[in-house]
Amino acid sequence: MDQFRDLLRGDVRADRVVPPSGMAARLTLAVAGAMAFLAVFALALSLATGRIASQWSHELTRTATVRITAAPAEMPALTEAALRVLRSTEGVESARALTPEEQKALLEPWFGSDLPIEALPVPQLIELRETRAGYDAEGLRLRLGAEVPGAVLDDHGRWRRPVVQASQRIRALGLLSLLLIAGVMAGMVTLAAHAALSANAQVIAVLRLVGARDAFIARAFVRRFTLRALWGSMTGTFLGAMAILLLPGMPTEGTLLTGIGFHGAAWLWCLTIPLVAAMAAFFATRAAARRNLRGLA
């Protein structure tokens, strides 16, 4: 903590040791800004994937669909029989048959809005919602097969599992991307610090002759490069947040392409990016300064 307090407090004499401009300064600012910009999108993608997958999984968890395939003349009787079975099944909260308009709306994304659904052998769909205790899916399948020929129960398990697995993997990739971004930034800052220390080898030798200790010299480099990384990452984070705001808003149903962004308190996660960048630069520069100063001894 003392080191961080010294870093924030600063030392005018120590700040003069490091040149205020040059290739190392521009490289540190540019790398920190670019990495922070990418980190904003990686973080937004990770959070959005978890949020949307959780929403989809929750919607699929407590719902199921019964599909009835039969001749048009037999469809009304089979639909009523299926509804009686579902409403008398323990664990089923509600069940209702979808109207032709609702079924047409489900098919519109694939076949267009002018689909003549009345002329097509479209199965009748029944939507059921289960209670928190749930129902016996296998028992319900057997009962429907015995009492309602042509009825098939789909508990959405085959849809829910891939969604959950994909969301977990994308979130893991997002976190891995953040770690890689931090590692690349630390590596580039290390190279910039090495270059600055090597370029100022003569200045460091003179400082040692007048009694300056290596800790004093190292602290000057650490402070300058840490603050450069902090300012660069703050700029990159701001630009990344502005770019996120320009993306399409998330609709009610929530899709991955339009749901990437931060909502509510999730915006506070952006504040961690400059802090992580500053910490990475702090430790990377300190290690580089110690190695270089030992080499210049």
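Bear in mind the structure is a predicted one, so any value in this text is a computation, not a measurement.

**With respect to the side chain of T28**
Then, in step 1: Topologically, T28 is positioned in helix 3 (residues 23-61).
Then, in step 2: The class for T28 is buried, based on a relative accessible area of 1%.

**Here we look at the nonpolar core**
Then, in step 1: Counting residues in each nonpolar core, the largest one holds 22 residues, and the members touching the most others are M35, V40, M185, I244, F262 and I273.
Then, in step 2: Listing elements by their share of this core, those giving two or more residues are helix 3, helix 7 (157-199), helix 9 (214-246) and helix 10 (272-295).
Then, in step 3: In terms of residue count, the dominant contributor to this core is helix 3 (8 residues).
Then, in step 4: Those residues within four positions of V40 in sequence are excluded, and the remaining contacts are T237, G240, A241, I244, F262 and I273.
Then, in step 5: Formed by 21 residues, the second largest nonpolar core is a distinct cluster that contains V66, M75, Y135 and L144.

**Details of the packing of aromatic side chains**
Then, in step 1: One pass over the structure, following the stated rule, counts 2 aromatic pairs.
Then, in step 2: Their ring planes at 85° and their centres at 5.1 Å tell us that F282 and F283 sit as a pair that is edge-to-face.
Then, in step 3: For F282, a relative accessible area of 4% puts it in the buried group.
Then, in step 4: Look at F283 and you get partly exposed, because its relative accessible area is 39%.
Then, in step 5: For R228, the ring lying beneath its charged end belongs to F225, and the centroid distance is 4.9 Å.

**Observations concerning a nonpolar patch on the surface**
Then, in step 1: Nonpolar side chains collect at one region of the surface, where L173, L176, L179 and L180 lie side by side and expose about 430 Å² of accessible area between them.
Then, in step 2: Tracing the chain through its elements places L176 in helix 7.

**Quick notes on the packing of helix 8 (residues 201-209) against helix 9**
Then, in step 1: Contact geometry for helix 8 and helix 9: axes closest at 10 Å, N-to-C directions at 140°. Of the possible angle classes, the one that applies to helix 8 and helix 9 is oblique. For the element pair helix 8 and helix 9, the recorded crossing hand is right-handed. Residues I204, L207 and R208 of helix 8 lie in contact with helix 9, whose contacting residues are D214, I217 and F221.
Then, in step 2: The residue inventory of the contact of helix 8 with helix 9, partitioned by class, reads 4 nonpolar, no polar and 2 charged.

**A look at the sheet that holds strand 1 (residues 63-68)**
Strand pairing within a sheet occurs via backbone hydrogen bonds; the two strands may be parallel or antiparallel.
Then, in step 1: Taking strand neighbours across the sheet as the criterion, the 4 strands line up as 2-3-1-4 in an open arrangement whose pairing is antiparallel. Strand pairing shows two members of the sheet lacking a second neighbour, strand 2 (92-97) and strand 4 (151-154), which therefore form its edges. Strand-to-strand twist in this sheet, taken as the mean axis angle between neighbours without regard to direction, amounts to 20°.
Then, in step 2: Alignment of strand 2 against strand 3 (residues 124-130), held across 5 bridges, turns out to be antiparallel. In the strand pairing of strand 3, A95 is matched with L128.

**Topic: the packing of helix 4 (residues 75-87) against helix 6 (residues 137-147)**
Then, in step 1: Across the interface, helix 4 lies against helix 6 with an axial gap of 10 Å and an inter-helix angle of 150°. Classified by the angle their axes make, helix 4 and helix 6 are roughly antiparallel. Of the two elements, helix 4 crosses helix 6, and the hand of that crossing is right-handed. Contacts between helix 4 and helix 6 involve A82, V85 and L86 from the first element and L140, R143, L144 and E147 from the second.
Then, in step 2: By residue class, the composition of the contact of helix 4 with helix 6 is 5 nonpolar, no polar and 2 charged.

**Comments concerning the pattern of salt bridges**
Then, in step 1: What the rule picks out here adds up to 4 salt bridges.
Then, in step 2: Between R96 and E102 there is a salt bridge, with its nearest N and O atoms 3.0 Å apart.
Then, in step 3: Given a relative accessible area of 36%, R96 falls into the partly exposed group.
Then, in step 4: Looking at E102, the relative accessible area reads 29%, which means it is partly exposed.
Then, in step 5: Here E147 makes a salt bridge to R143, at a shortest N to O gap of 3.3 Å. A residue pair is termed a helical-turn pair when its members lie 3 or 4 positions apart in one helix, as E147 and R143 do in helix 6 at 4 residues.
Then, in step 6: Judged by its relative accessible area of 45%, E147 falls in the partly exposed class.

**Describing helix 4**
Then, in step 1: For helix 4, which comprises 13 residues, the first-to-last C-alpha distance of 18 Å matches the rise-based estimate of 18 Å (1.5 Å per residue) to within 8%.
Then, in step 2: Listing the buried residues of helix 4 in full gives M75, L78, T79, A81, A82, L83, V85 and L86.
Then, in step 3: The secondary structure elements touched by the buried residues of helix 4 are strand 1, strand 2, strand 3 and helix 6.

**Comments concerning the environment of A32**
Then, in step 1: Looking at the element boundaries, A32 is found in helix 3.
Then, in step 2: Along the sequence, A32 and A186 sit 154 residues apart, while their C-alpha atoms lie 9.0 Å from each other.

Here is what the cut-offs are and how they apply
- Residues numbered from 1 in each chain as written.
- Predicted model: local features only at pLDDT ≥ 70, side-chain atom pairs only at ≥ 80, totals over all residues.
- Heavy atoms only, no water.
- Helix = DSSP H or I, 4+ residues; strand = E, 2+ residues; numbered from the N terminus.
- Buried < 20%, exposed > 50% of the residue type's maximum accessible area, 1.4 Å probe, protein only.
- Core = buried A, V, L, I, M, F, W, Y, C linked by side-chain atoms within 4.5 Å.
- Contact = heavy atoms within 4.5 Å.
- Phe/Tyr/Trp six-rings, centres within 6.5 Å; stacked < 30°, edge-to-face > 60°.
- Lys NZ or Arg CZ within 6 Å of the ring centre and 35° of its normal.
- Patch = residues over 30% accessible without salt bridge, like charges linked within 9 Å, V, L, I, M, F, W, Y side chains within 5 Å.
- Areas by Shrake-Rupley, 256 points an atom, 1.4 Å probe, with all protein chains shown as cover.
- Salt bridge = Lys/Arg side-chain N within 4 Å of Asp/Glu carboxyl O.
- Axes fitted to C-alpha atoms, helices over the stretch in contact; angles between N-to-C directions.
- Parallel < 35°, antiparallel > 145°, perpendicular 65-115°, else oblique.
- Left-handed = near helix turned anticlockwise from the far one by under 90°.
- Nonpolar A, V, L, I, M, F, W, Y, C, P; charged D, E, K, R; others polar.
- Pairing = 2+ DSSP bridges.
- Expected span 1.5 Å × (residues − 1).

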